[in-house]
Amino acid sequence: MKLLGVSGGLSRKTLIAIKKALDSAKRYDNTVETEAISLNEYDIQFCDARDPNKYEGDARLVIDKFVETDALLLGTPMYRGTYTGLLKNMFDLIPNDALLGKPVGMIATGGSDHHYLALEHEMKPLLGFFYVHVIPGSVYANNSHYSESDLVDEGILEQLDQLGRAIVNFARIIPDDKLSIVGPLGPSIQRKSLKKPG
Ligand SMILES: Cc1cc2nc3c(=O)[nH]c(=O)nc-3n(C[C@H](O)[C@H](O)[C@H](O)COP(=O)(O)O)c2cc1C
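Numbering of residues starts from 1 in each chain and follows the order in which that chain's sequence is written. Two thresholds apply to this predicted model, a pLDDT of at least 70 for residue-level local features and 80 or more for giving and counting side-chain atom pairs, whereas whole-chain, interface and lining totals are computed over all residues. Working from all heavy atoms in the structure, the side-chain values ignore hydrogens and water.

Caption draft 1: Representation of the environment of Thr34 in the model. Strands are runs of DSSP state E lasting at least 2 residues, helices are runs of H or I lasting at least 4, and numbering of each runs from the N terminus. Along the chain, Thr34 falls in strand E2 (residues 33-38). Accessibility here uses a 1.4 Å probe with only protein chains present; expressed as a share of the type maximum, an area under 20% marks a residue as buried, one over 50% as exposed, and anything in between as partly exposed. Taking the relative accessible area as the measure of exposure, Thr34 reaches 31% and is therefore partly exposed. Taking C-alpha positions, Thr34 is 9.4 Å from Thr69, a pair spaced 35 residues apart along the chain. Here, residues are in contact when the closest pair of their heavy atoms is within 4.5 Å. Leave out the neighbours within four places in its chain, and Thr34 touches Leu3, Leu22 and Lys26.

Rendered as structure tokens:
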């Protein structure tokens, strides 16, 4: 099972949180292949509405990571009360069926807890477009949960541990035929996909 952690952060707090949850998943089941990436470390162009198969370079590399993973831990800092533009661009780039039927865990960081519900009201609708299964219960860390160089708040660490275990448990019960575990697909303009969902 592949578990990809993706940070839409421009700095490091969100990536640190994602890595803690991935570490937990790996501790829970050492057969899980984990990988953490931060989108700002890649030279990803803006989506220009071309067929997702036609991107090259870093955009191609990261699109493929989304397509190939079995489960996703998605993290973003709050920017203006929502996920970052960097993250949104990535979701404009990936094929419509890149995440279909896959479990996704949500993580956010913010200056304060002011925008806690943005995961439910902003990120969840974005994920809904992709027919994913969002793990109920997310993790939201604020600046006070970090030391100079690490995430140190015991409560948040426990939550990340729980999320890491939950996504492994969820991914284990996902069948190969992912279309069998989603409801009817809504209206959409046909875009080419990299592979048939399955
Ligand atoms: C442009 C910008 C907008 C921000 N907007 C918010 C916000 O609306 N709410 C909030 O709680 N924090 C906000 N912050 C603070 C970041 O979310 C916070 O510092 C976060 O932990 C940074 O994560 P990172 O280190 O992964 O980039 C903002 C920061 C920047 C740079």
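Caption draft 2: Region of the structure containing unusual backbone geometry. Positioned with a positive phi, Ala49 is a non-glycine residue whose angle comes to about 70°. In this fold, Ala49 is placed in the loop between E2 and helix H2 (57-68). Overall, Ala49 belongs to the exposed group, its relative accessible area being 67%. Notably, Arg80 is not glycine yet its phi reads approximately 55°, a positive angle.

Caption draft 3: Spotlight on the side chain of Thr76. In this fold, Thr76 is placed in strand E3 (residues 71-77). Contacts of Thr76, omitting those with residues within four sequence positions, involve Gly8, Thr14, Tyr83, Thr84, Leu87, Ile107, Ala108, Thr109 and Met123.

Caption draft 4: Structural detail: the pattern of salt bridges. One side-chain nitrogen of Lys or Arg within 4 Å of one carboxyl oxygen of Asp or Glu is enough to make a salt bridge. A full pass over the atoms with the stated rule returns 10 salt bridges. Here Asp161 ties to Arg27 by a salt bridge, and the two come within 3.1 Å at their closest N and O atoms. Placement of the pair is Asp161 in helix H5 (residues 154-172) and Arg27 in helix H1 (residues 13-28), with a sequence separation of 134 residues. By relative accessible area, which is 22% here, Asp161 ends up partly exposed. For Arg60, the salt bridge goes to Asp64, with nearest N and O atoms at 3.2 Å. On the criterion of helical spacing, the pair formed by Arg60 and Asp64 is a turn pair, its members being four residues apart in helix H2. You can call Asp64 partly exposed: its relative accessible area is 23%. Salt bridges here are not isolated pairs; linked through shared partners, they connect Arg27, Asp161 and Arg165.

Caption draft 5: Layout of H2. Along its 12 residues, H2 runs 17 Å from first to last C-alpha, staying within 8% of the 16 Å computed at 1.5 Å per residue. Every buried residue belonging to H2 is among Ala59, Arg60, Val62, Ile63, Lys65, Phe66 and Val67, and all of these are buried. Looking at the packing, one finds that the buried side of H2 touches strand E1 (2-7), E2, E3 and helix H3 (85-93). In a helix, the anticipated span is given by 1.5 Å times the number of residues less one.

Caption draft 6: Focus on the site of the ligand. Proximity criterion: a residue is near a molecule or strand once any of its heavy atoms comes within 4 Å of it. Taken together, 18 residues are adjacent to the ligand, and Lys13, Thr14, Met78, Gly81 and His115 come closest. One of the backbone nitrogen or oxygen atoms of Lys13 is found 2.8 Å away from an oxygen atom of the ligand. Counted as a polar contact is a pair of N or O atoms within 3.5 Å, where, for protein atoms, one must be capable of donating a hydrogen and the other of accepting one, and residues adjacent in sequence contribute only when both atoms are in side chains. Measuring from an oxygen atom of the ligand, one finds a side-chain N or O atom of Thr14 at 2.6 Å. Accessible areas in this description were obtained via Shrake-Rupley with a 1.4 Å probe; residue shielding takes into account the shown protein chains only. Look at the ligand: alone it shows 650 Å² of surface, and the protein chains cover 75% of it. Secondary structure elements with two or more residues in the shell around the ligand: H1 and strand E4 (103-110). Here the residues of the shell around the ligand sort into five nonpolar, 10 polar and three charged. Asp, Glu, Lys and Arg are counted as charged, while Ala, Val, Leu, Ile, Met, Phe, Trp, Tyr, Cys and Pro are counted as nonpolar; the rest, among them Gly, fall into the polar class.

Caption draft 7: Structural context of the packing of H2 against H3. In this analysis an axis means a line fitted to C-alpha atoms, helices contributing only their contacting stretch, and an angle means the value between N-to-C directions, from 0 to 180 degrees. It is the contact of H2 with H3, at a shortest axis distance of 10 Å, that shows an interaxial angle of 75°. Classified by the angle their axes make, H2 and H3 are roughly perpendicular. On H3, the residues that touch Ala59, Val62, Ile63 and Phe66 of H2 are Met90, Phe91 and Leu93. Here the contact of H2 with H3 is composed, by residue class, of seven nonpolar, no polar and no charged. Here is the rule for angles: anything less than 35 degrees is roughly parallel, anything more than 145 is roughly antiparallel, 65 through 115 is roughly perpendicular, and the remaining ranges are oblique.

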